[in-house]
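Residue-level structural notes
The lines below spell out each chain.
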Amino acid sequence: MAVSIAHLGPRGTFSEQAALAFQAWLQENEGQESALIAYPSILQAIQAVAEGAVSLAIVPVENSIEGSVAVTLDTLWQLESLQIQQALVLPIRHNLITHASTTQAIETIYSHPQALGQCQQWLTQHCPQATLVPTRSTTESLQHLNDHVTTAAIASTWAAALYNLPVLAPTINDQPDNCTKFWVLSTTTAAQGNHTSLAFSLPINAPGALLKPLEIFARAQINLSRIESRPTKRSLGEYLFFLDLEASLAAAHTQDTLRALATCTEKIKLFGSYDTIAVAAQATIP
(Lines give C-alpha, C1' and ligand atoms only; values in the text may rest on other atoms or scores of the structure.)
Protein backbone atom coordinates (compact mmCIF):
# COMPACT_ATOMS: atom_id res chain seq x y z
CA MET A 1 0.00 0.00 0.00
CA ALA A 2 1.37 3.40 -0.99
CA VAL A 3 2.14 5.92 1.73
CA SER A 4 0.95 9.51 1.22
CA ILE A 5 3.47 12.35 1.58
CA ALA A 6 2.38 15.95 2.18
CA HIS A 7 4.54 18.86 1.02
CA LEU A 8 4.31 22.55 0.22
CA GLY A 9 2.88 23.11 -3.25
CA PRO A 10 2.01 23.89 -5.94
CA ARG A 11 4.10 21.87 -8.38
CA GLY A 12 7.68 23.05 -8.79
CA THR A 13 8.54 24.06 -5.20
CA PHE A 14 11.78 23.07 -3.54
CA SER A 15 9.64 21.18 -1.03
CA GLU A 16 8.30 19.07 -3.87
CA GLN A 17 11.85 18.39 -5.04
CA ALA A 18 12.70 17.22 -1.52
CA ALA A 19 9.56 15.07 -1.46
CA LEU A 20 10.45 13.54 -4.83
CA ALA A 21 13.94 12.78 -3.56
CA PHE A 22 12.56 11.06 -0.47
CA GLN A 23 10.03 9.20 -2.60
CA ALA A 24 12.90 7.80 -4.67
CA TRP A 25 14.82 6.93 -1.49
CA LEU A 26 11.81 5.04 -0.08
CA GLN A 27 11.45 3.03 -3.26
CA GLU A 28 15.16 2.20 -3.53
CA ASN A 29 15.87 1.43 0.13
CA GLU A 30 12.57 0.06 1.43
CA GLY A 31 10.67 -0.94 -1.71
CA GLN A 32 7.88 1.37 -0.54
CA GLU A 33 5.48 2.98 -3.03
CA SER A 34 4.34 6.51 -2.21
CA ALA A 35 2.15 9.33 -3.51
CA LEU A 36 2.78 13.06 -3.14
CA ILE A 37 0.05 15.47 -2.03
CA ALA A 38 0.58 19.24 -2.28
CA TYR A 39 -0.73 21.66 0.36
CA PRO A 40 -0.89 25.46 0.05
CA SER A 41 1.16 26.13 3.21
CA ILE A 42 3.77 24.49 5.42
CA LEU A 43 1.38 24.69 8.35
CA GLN A 44 -1.33 22.79 6.46
CA ALA A 45 1.15 20.09 5.41
CA ILE A 46 2.18 19.54 9.04
CA GLN A 47 -1.44 19.58 10.24
CA ALA A 48 -2.34 16.99 7.61
CA VAL A 49 0.04 14.40 9.05
CA ALA A 50 -0.89 15.29 12.64
CA GLU A 51 -4.58 14.70 11.83
CA GLY A 52 -3.90 11.43 10.00
CA ALA A 53 -4.90 12.72 6.56
CA VAL A 54 -1.48 11.65 5.21
CA SER A 55 1.24 9.25 6.33
CA LEU A 56 4.18 11.67 6.18
CA ALA A 57 4.97 15.35 5.70
CA ILE A 58 8.18 16.79 4.32
CA VAL A 59 8.76 20.36 5.47
CA PRO A 60 11.71 22.77 5.47
CA VAL A 61 13.27 23.47 8.87
CA GLU A 62 16.54 25.31 8.26
CA ASN A 63 18.36 27.13 5.47
CA SER A 64 22.10 27.70 5.45
CA ILE A 65 21.64 31.43 4.66
CA GLU A 66 18.36 32.46 6.29
CA GLY A 67 18.35 30.09 9.25
CA SER A 68 15.35 28.30 10.70
CA VAL A 69 11.82 28.16 9.30
CA ALA A 70 9.78 29.52 12.20
CA VAL A 71 6.43 27.98 11.26
CA THR A 72 7.93 24.48 11.28
CA LEU A 73 9.47 24.86 14.74
CA ASP A 74 6.42 26.58 16.26
CA THR A 75 3.97 24.02 14.88
CA LEU A 76 6.09 21.08 15.99
CA TRP A 77 6.02 22.44 19.55
CA GLN A 78 2.28 23.14 19.47
CA LEU A 79 1.12 19.79 18.04
CA GLU A 80 1.42 16.51 19.89
CA SER A 81 2.85 13.17 18.75
CA LEU A 82 4.84 14.33 15.71
CA GLN A 83 8.19 12.61 15.24
CA ILE A 84 11.09 13.25 12.87
CA GLN A 85 11.75 10.15 10.74
CA GLN A 86 14.58 11.48 8.57
CA ALA A 87 16.37 14.69 7.70
CA LEU A 88 17.07 15.53 4.08
CA VAL A 89 19.49 18.20 2.82
CA LEU A 90 18.78 19.68 -0.60
CA PRO A 91 20.99 22.14 -2.52
CA ILE A 92 19.03 25.32 -3.35
CA ARG A 93 19.65 27.31 -6.52
CA HIS A 94 17.47 30.37 -7.04
CA ASN A 95 16.81 32.00 -10.40
CA LEU A 96 15.30 35.31 -11.47
CA ILE A 97 12.40 34.38 -13.75
CA THR A 98 10.74 37.11 -15.78
CA HIS A 99 9.56 38.23 -19.20
CA ALA A 100 11.55 41.45 -18.76
CA SER A 101 14.64 41.82 -20.92
CA THR A 102 16.82 43.54 -18.27
CA THR A 103 16.96 43.67 -14.49
CA GLN A 104 16.59 47.45 -14.66
CA ALA A 105 13.11 47.05 -16.14
CA ILE A 106 11.82 45.01 -13.19
CA GLU A 107 9.53 46.85 -10.79
CA THR A 108 8.19 44.02 -8.60
CA ILE A 109 9.72 40.70 -7.52
CA TYR A 110 7.62 37.93 -5.95
CA SER A 111 8.79 34.90 -3.99
CA HIS A 112 8.65 33.06 -0.68
CA PRO A 113 10.19 35.13 2.17
CA GLN A 114 12.99 32.58 2.58
CA ALA A 115 13.94 32.88 -1.09
CA LEU A 116 13.86 36.68 -0.97
CA GLY A 117 16.13 36.59 2.08
CA GLN A 118 18.55 34.13 0.48
CA CYS A 119 19.00 36.49 -2.49
CA GLN A 120 18.85 39.88 -0.75
CA GLN A 121 22.42 40.97 -1.53
CA TRP A 122 22.06 40.08 -5.22
CA LEU A 123 18.69 41.85 -5.38
CA THR A 124 20.08 44.98 -3.71
CA GLN A 125 22.91 45.12 -6.23
CA HIS A 126 21.03 44.26 -9.42
CA CYS A 127 17.39 45.26 -8.74
CA PRO A 128 17.53 48.06 -6.14
CA GLN A 129 14.45 49.70 -7.67
CA ALA A 130 12.21 46.63 -7.32
CA THR A 131 9.57 46.11 -4.65
CA LEU A 132 9.84 42.70 -2.99
CA VAL A 133 6.53 40.92 -2.35
CA PRO A 134 6.32 37.67 -0.28
CA THR A 135 4.24 34.69 -1.44
CA ARG A 136 3.36 31.35 0.18
CA SER A 137 5.77 29.43 -2.05
CA THR A 138 8.33 30.06 -4.78
CA THR A 139 6.05 28.43 -7.34
CA GLU A 140 3.08 30.58 -6.34
CA SER A 141 5.19 33.62 -7.20
CA LEU A 142 5.23 32.52 -10.86
CA GLN A 143 1.51 33.24 -11.13
CA HIS A 144 2.28 36.97 -11.07
CA LEU A 145 4.49 36.96 -14.16
CA ASN A 146 1.54 37.48 -16.48
CA ASP A 147 0.42 40.57 -14.55
CA HIS A 148 2.94 42.80 -16.31
CA VAL A 149 6.25 42.51 -18.14
CA THR A 150 7.90 44.41 -15.27
CA THR A 151 7.20 41.64 -12.74
CA ALA A 152 9.65 38.88 -11.80
CA ALA A 153 9.75 35.84 -9.55
CA ILE A 154 12.43 33.85 -7.77
CA ALA A 155 12.15 30.07 -8.11
CA SER A 156 14.04 26.99 -9.25
CA THR A 157 15.23 26.18 -12.76
CA TRP A 158 12.93 23.17 -12.63
CA ALA A 159 9.90 25.37 -11.88
CA ALA A 160 10.79 27.66 -14.79
CA ALA A 161 10.98 24.64 -17.11
CA LEU A 162 7.71 23.15 -15.79
CA TYR A 163 5.81 26.34 -16.55
CA ASN A 164 7.80 27.26 -19.68
CA LEU A 165 9.04 30.58 -18.30
CA PRO A 166 12.28 32.41 -19.14
CA VAL A 167 15.19 32.67 -16.69
CA LEU A 168 16.82 36.09 -16.89
CA ALA A 169 19.50 35.45 -14.25
CA PRO A 170 20.47 31.98 -12.97
CA THR A 171 21.83 31.11 -9.50
CA ILE A 172 21.23 34.43 -7.77
CA ASN A 173 21.41 33.12 -4.17
CA ASP A 174 23.97 35.09 -2.15
CA GLN A 175 26.01 32.03 -1.17
CA PRO A 176 26.93 29.32 -3.71
CA ASP A 177 26.61 26.51 -1.16
CA ASN A 178 23.04 27.40 -0.27
CA CYS A 179 21.09 24.39 1.02
CA THR A 180 17.96 23.64 3.02
CA LYS A 181 17.33 20.91 5.58
CA PHE A 182 13.92 19.24 5.46
CA TRP A 183 12.36 17.03 8.11
CA VAL A 184 10.24 13.99 7.32
CA LEU A 185 7.47 13.98 9.95
CA SER A 186 4.97 11.34 11.00
CA THR A 187 3.01 10.28 14.07
CA THR A 188 4.85 6.97 14.45
CA THR A 189 7.91 6.46 16.65
CA ALA A 190 11.05 7.12 14.66
CA ALA A 191 13.90 4.68 14.17
CA GLN A 192 16.93 5.64 16.24
CA GLY A 193 19.44 7.67 14.25
CA ASN A 194 22.60 9.62 15.01
CA HIS A 195 20.94 12.99 15.57
CA THR A 196 18.24 13.94 18.07
CA SER A 197 16.04 17.03 18.10
CA LEU A 198 14.18 18.39 21.11
CA ALA A 199 12.81 21.58 22.60
CA PHE A 200 12.31 22.79 26.14
CA SER A 201 10.87 25.69 28.10
CA LEU A 202 12.31 27.10 31.31
CA PRO A 203 10.51 27.34 34.65
CA ILE A 204 11.69 30.89 35.24
CA ASN A 205 13.17 33.78 33.25
CA ALA A 206 16.19 34.57 35.41
CA PRO A 207 19.99 34.88 35.13
CA GLY A 208 21.58 31.46 34.69
CA ALA A 209 18.31 29.68 33.82
CA LEU A 210 19.58 28.68 30.36
CA LEU A 211 23.11 28.04 31.57
CA LYS A 212 22.03 25.07 33.69
CA PRO A 213 20.64 22.99 30.76
CA LEU A 214 23.65 23.85 28.61
CA GLU A 215 26.05 22.79 31.35
CA ILE A 216 24.31 19.41 31.49
CA PHE A 217 25.09 18.78 27.81
CA ALA A 218 28.64 20.08 28.25
CA ARG A 219 29.32 17.73 31.17
CA ALA A 220 27.85 14.86 29.18
CA GLN A 221 30.11 15.81 26.24
CA ILE A 222 27.15 15.88 23.87
CA ASN A 223 27.68 18.35 21.05
CA LEU A 224 24.83 20.72 20.17
CA SER A 225 24.85 21.22 16.41
CA ARG A 226 22.06 23.82 16.70
CA ILE A 227 20.36 25.83 19.42
CA GLU A 228 17.69 28.41 18.71
CA SER A 229 15.14 30.36 20.71
CA ARG A 230 11.51 30.96 19.77
CA PRO A 231 8.97 33.02 21.74
CA THR A 232 6.58 30.99 23.90
CA LYS A 233 3.77 33.31 22.72
CA ARG A 234 2.67 33.56 26.36
CA SER A 235 4.58 36.64 27.45
CA LEU A 236 7.19 38.99 26.04
CA GLY A 237 10.67 37.80 27.00
CA GLU A 238 9.72 34.12 27.47
CA TYR A 239 11.35 31.67 25.09
CA LEU A 240 11.43 28.05 24.00
CA PHE A 241 14.77 26.53 23.04
CA PHE A 242 15.16 24.12 20.13
CA LEU A 243 18.25 21.92 20.10
CA ASP A 244 19.81 19.41 17.74
CA LEU A 245 22.09 16.92 19.49
CA GLU A 246 24.80 14.78 17.95
CA ALA A 247 23.53 11.78 19.92
CA SER A 248 20.98 9.00 19.62
CA LEU A 249 18.00 8.54 21.91
CA ALA A 250 18.81 4.83 21.92
CA ALA A 251 22.01 5.46 23.90
CA ALA A 252 21.80 5.04 27.67
CA HIS A 253 24.12 8.05 28.03
CA THR A 254 21.60 10.23 26.17
CA GLN A 255 18.75 9.00 28.34
CA ASP A 256 20.72 9.81 31.50
CA THR A 257 21.41 13.30 30.15
CA LEU A 258 17.73 13.90 29.40
CA ARG A 259 16.75 12.87 32.92
CA ALA A 260 19.20 15.45 34.25
CA LEU A 261 17.77 18.02 31.83
CA ALA A 262 14.28 17.46 33.25
CA THR A 263 15.44 18.73 36.65
CA CYS A 264 16.02 22.29 35.39
CA THR A 265 13.43 22.73 32.65
CA GLU A 266 9.68 23.32 32.69
CA LYS A 267 8.70 21.11 29.74
CA ILE A 268 10.67 18.96 27.29
CA LYS A 269 9.48 17.71 23.91
CA LEU A 270 11.46 14.99 22.15
CA PHE A 271 11.03 15.06 18.38
CA GLY A 272 12.98 11.86 17.73
CA SER A 273 16.31 10.50 16.54
CA TYR A 274 17.06 10.29 12.84
CA ASP A 275 19.72 10.11 10.15
CA THR A 276 20.38 12.67 7.42
CA ILE A 277 20.18 12.01 3.68
CA ALA A 278 22.05 14.30 1.26
CA VAL A 279 20.34 14.68 -2.11
CA ALA A 280 21.49 16.19 -5.39
CA ALA A 281 18.90 18.66 -6.63
CA GLN A 282 19.05 17.41 -10.22
CA ALA A 283 18.29 13.86 -9.08
CA THR A 284 14.81 14.92 -8.02
CA ILE A 285 13.68 16.09 -11.44
CA PRO A 286 11.55 13.43 -13.16
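With that settled, consider the sheet that holds strand β13 (residues 224-231). With respect to topology, 4 strands assemble into an open sheet ordered β13-β14-β12-β15, the strand pairing being antiparallel. Both edges of this open sheet fall to β13 and β15 (267-274), since each of them pairs with a single strand only. The sheet shows a mean angle of 15° between the axes of neighbouring strands, taken without regard to direction. In terms of strand pairing, strand β12 (residues 195-201) meets strand β14 (residues 239-245) through 6 bridges, oriented antiparallel. Considered in β14, the bridge of A199 is made with F242. Here helix α7 (residues 211-219) sits on the sheet in contact with β12, β13 and β14, set at roughly 165° to β13. Strand contacts of helix α8 (residues 252-262): β12 and β15, with the helix running at about 160° to β15, the strand carrying the most contacts.

Bringing the state of the cysteines into the picture now. Considering all chains together, one arrives at 0 disulfides under this definition. Distance from the sulfur of C127, which forms no disulfide, to the nearest cysteine sulfur (C119) is 10 Å. Classification of C127 as buried rests on a relative accessible area of 3%. Unpaired in this structure, C179 has its nearest cysteine sulfur neighbour in C119, at a distance of 14 Å. You can call C179 partly exposed: its relative accessible area is 25%.

So, on to the nonpolar core. Ranked by internal contacts, the top residues of the largest apolar core, which has 26 residues, are W183, L185 and F242. Broken down by element, the residue count for this core peaks at 5 residues, all from helix α2 (residues 42-50). Dropping the residues within four chain positions of it, L185 is found in contact with I46, V49, S55, L56, A57, V59, L76, Q83 and I84. Judged by nonpolar contacts, the second largest core, of 17 residues, contains A18, A19, I92 and I277.

Glancing now at α8. Buried residues of α8: T254, T257, L258 and L261, and no others. Buried positions in α8, seen along its axis, are confined to an arc of 100° and lie on one side of it. Pointing more than 90 degrees away from the buried face of α8 are the exposed residues A252 and R259.

Looking at where S137 falls in the secondary structure, it is placed in the loop between β8 (131-134) and β9 (151-155). Among the residues examined, S137 registers a relative accessible area of 1% and is labelled buried. Filtering out sequence-adjacent residues up to four positions away, S137 remains in contact with L8, G9, P10, T13 and H112.

Conventions adopted
Residues numbered from 1 in each chain as written. Predicted model: local features only at pLDDT ≥ 70, side-chain atom pairs only at ≥ 80, totals over all residues. Heavy atoms only, no water. Pairing = 2+ DSSP bridges. Helix = DSSP H or I, 4+ residues; strand = E, 2+ residues; numbered from the N terminus. Axes fitted to C-alpha atoms, helices over the stretch in contact; angles between N-to-C directions. Contact = heavy atoms within 4.5 Å. Disulfide = S-S within 2.5 Å. Buried < 20%, exposed > 50% of the residue type's maximum accessible area, 1.4 Å probe, protein only. Core = buried A, V, L, I, M, F, W, Y, C linked by side-chain atoms within 4.5 Å. Arc of directions from axis to C-beta.

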